[in-house]
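# Notes for the structure review
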Amino acid sequence: MKNSYASFESPYVKIISSWTNKKDAFILVTNMPVNTTAIIVLPANKQNKIIEDGIILENQNINYQNN
């Protein structure tokens, strides 16, 4: 599978989750209502391999768990 898209019309906002698996990148796009918490599991085994908005995850203030 190379891509997927799902959405749900909540009372506040359309919740979206979509991803594309390219040769050298996994691209995830999400849209969640404000003041909510989301748990996102990414297919990476090292924190320095995850980039958000051009910034490496280990430089962000984000909780990372290696399972």
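The present account deals with the structure reproduced in this document. In this text, all values refer to a predicted model and were calculated from it rather than measured experimentally. (Residues numbered from 1 in each chain as written. Predicted model: local features only at pLDDT ≥ 70, side-chain atom pairs only at ≥ 80, totals over all residues. Heavy atoms only, no water.)

Now for the environment of Ile-40. Secondary-structure assignment places Ile-40 in the loop between strand 3 (26-31) and strand 4 (51-52). Here Ile-40 is in contact with Leu-28 and Thr-30, once residues within four sequence places are set aside. (Helix = DSSP H or I, 4+ residues; strand = E, 2+ residues; numbered from the N terminus. Contact = heavy atoms within 4.5 Å.)

It is worth spelling out the side chain of Ser-10 at this point. Along the chain, Ser-10 turns up in the loop between strand 1 (3-9) and strand 2 (14-21). From its side chain, Ser-10 meets the backbone oxygen of Val-13 in a polar contact 2.6 Å long. In this structure Ser-10 touches Ile-15 and Pro-33, once residues within four positions along its chain are discounted. (Polar contact = N/O pair within 3.5 Å; in protein donor to acceptor, adjacent residues only side chain to side chain.)

Read from one edge of the open sheet, 3 strands run 1-2-3, paired in antiparallel fashion. Looking at strand neighbours, the two that pair on one side only are strand 1 and strand 3, the edges of this open sheet. Recorded for the sheet is a direction-independent mean angle of 5° between the axes of neighbouring strands. Across 7 bridges, the pairing between strand 1 and strand 2 is antiparallel. Along strand 2, the bridge assignment pairs Ser-4 with Trp-19. (Pairing = 2+ DSSP bridges. Axes fitted to C-alpha atoms, helices over the stretch in contact; angles between N-to-C directions.)

Note that Ser-18 resides in strand 2. With a relative accessible area of 16%, Ser-18 lands in the buried category. (Buried < 20%, exposed > 50% of the residue type's maximum accessible area, 1.4 Å probe, protein only.)

Here we come to the packing of aromatic side chains. What describes a pair of aromatic rings is the distance from one ring centre to the other and the angle between the planes of the rings. Following the criterion strictly, the structure yields 1 aromatic pair and no others. Note on Trp-19 and Phe-26: the rings are 5.6 Å apart at their centroids and 25° apart in plane angle, and the pair reads as stacked. According to the relative accessible area criterion, Phe-26 is partly exposed, its value standing at 34%. (Phe/Tyr/Trp six-rings, centres within 6.5 Å; stacked < 30°, edge-to-face > 60°.)

By themselves, these observations are geometric and do not establish any function.
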